[in-house]
Amino acid sequence: MSLHDPRLPVANPSLDVVDFGPGIGADVERRLIGEISGRRILDLGCGQGHAAVGLAKRGARVIAVDDDVAQLGAARSLAAQNEVTIEFHQAKQAELAFLAADHVDLALAITSLSFVQDLSRVFRQVHRVVGPGGHFVLAVPHPAALVATGDDPNQATVAWDVDEQVGDRWVHTGEAIVTALTRANFAVDQLLERRDNALAPATLVVRARKLGV
C-alpha cells in the first residue's frame with residue numbers, strides 16, 4: 001500500500017487543497033479547516049511546503065516548521081515560485097519556544113507525526129501556541145495500513161496496539177492519539193478513517209479543539 005512520505009517529491013502536487021492522505025478528498029478539508037483567509041496557521045513538519053504554500057496562496061498567514069534543512073530549502077523555493085510569504089523555522093515539532101502562547105488559530109500536522117515517537121510532548125506545545133477555542137488537525141497513516149504485509153490486512157509485521165516502529169514510522173493508533181490529545185487538554189470533535197482502493201483504511205485524521213487557556 002502506497003503512503004505519501006512528506007520528505008519525498010510529490011508527483012504533480014496540487015496547491016488548491018491540503019492533501020491529508022489517501023482517501024481524503026477536498027470536501028473533508030472544508031469540513032476540517034473551514035475558512036482560511038486571514039487565519040494564522042501553523043504547519044508542523046511542513047516537508048516540501050505544498051500544504052503551507054497552498055494555504056498561503058488562499059490568504060492564510062502561515063508558519064511552517066520542519067527539522068530537515070533540505071525539506072525547508074525546497075519549501076522556501078516553492079514559496080518563492082508562488083510569490084507567497086511564509087514564516088519558516090527549522091525545529092522539531094515539539095520545540096515551539098519561538099512562538100508565543102495563543103499565537104495561532106489552527107495547527108496542522110500532515111503525516112509528519114508518524115515520524116515522532118512521543119506525541120504527548122508535541123501536543124502540549126501545540127496546546128500552548130493555539131489560541132482559545134482553536135483547532136489542531138492531524139493526519140497519520142492508518143495503523144492498519146502501516147502494519148499490513150503486502151495487500152493482506154490480516155497479515156501484520158507488528159502488533160498495531162503497541163508502541164512499535166515500521167521502518168522509520170511510528171504506529172499511532174486512534175486510541176493512543178485521542179488519549180494523548182485529551183491529556184493535553186484538547187477535545188476531539190472529529191475522527192475519520194478512510195481507505196483508498198484497499199481493504200484496510202489508509203489514513204487516520206483527527207481534529208481536536210483546544211480547551212482551557
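Quick note: structure is the one above.
Residues numbered from 1 in each chain as written. Predicted model: local features only at pLDDT ≥ 70, side-chain atom pairs only at ≥ 80, totals over all residues. Heavy atoms only, no water.

Caption draft 1: Representation of the packing of aromatic side chains within the structure. Counted according to the given criterion, the structure contains 2 aromatic pairs. For the pair Phe123 and Phe136, a centre-to-centre distance of 5.6 Å together with 75 degrees between the ring planes defines the contact as edge-to-face. On the criterion of sequence distance, the pair formed by Phe123 in helix α4 (residues 119-129) and Phe136 in strand β5 (residues 130-141) is long-range, its members being 13 residues apart. Classification of Phe123 as buried rests on a relative accessible area of 0%. Taken together through their ring pairs, the aromatic side chains of Phe123, Phe136 and Phe186 make up a single cluster. (Phe/Tyr/Trp six-rings, centres within 6.5 Å; stacked < 30°, edge-to-face > 60°. Helix = DSSP H or I, 4+ residues; strand = E, 2+ residues; numbered from the N terminus. Buried < 20%, exposed > 50% of the residue type's maximum accessible area, 1.4 Å probe, protein only.)

Caption draft 2: Main features of the pattern of salt bridges. Enumeration over the complete set of coordinates arrives at 3 salt bridges. A salt bridge links Asp102 to Lys210; the shortest N-O distance between them is 2.9 Å. With a gap of 108 residues between them, Asp102 in the loop between β3 (87-90) and β4 (104-110) and Lys210 in strand β11 (residues 203-210) connect regions that are remote in the sequence. For Arg207, the salt bridge is made with Asp189, and the minimal N-O distance between the two is 2.9 Å. In this pair, Arg207 is assigned in strand β11 and Asp189 in strand β10 (residues 186-194), connecting sequence segments 18 residues apart. Judged by its relative accessible area of 15%, Arg207 is buried. On the accessibility criterion, Asp189 (36% relative accessible area) is partly exposed. (Salt bridge = Lys/Arg side-chain N within 4 Å of Asp/Glu carboxyl O.)

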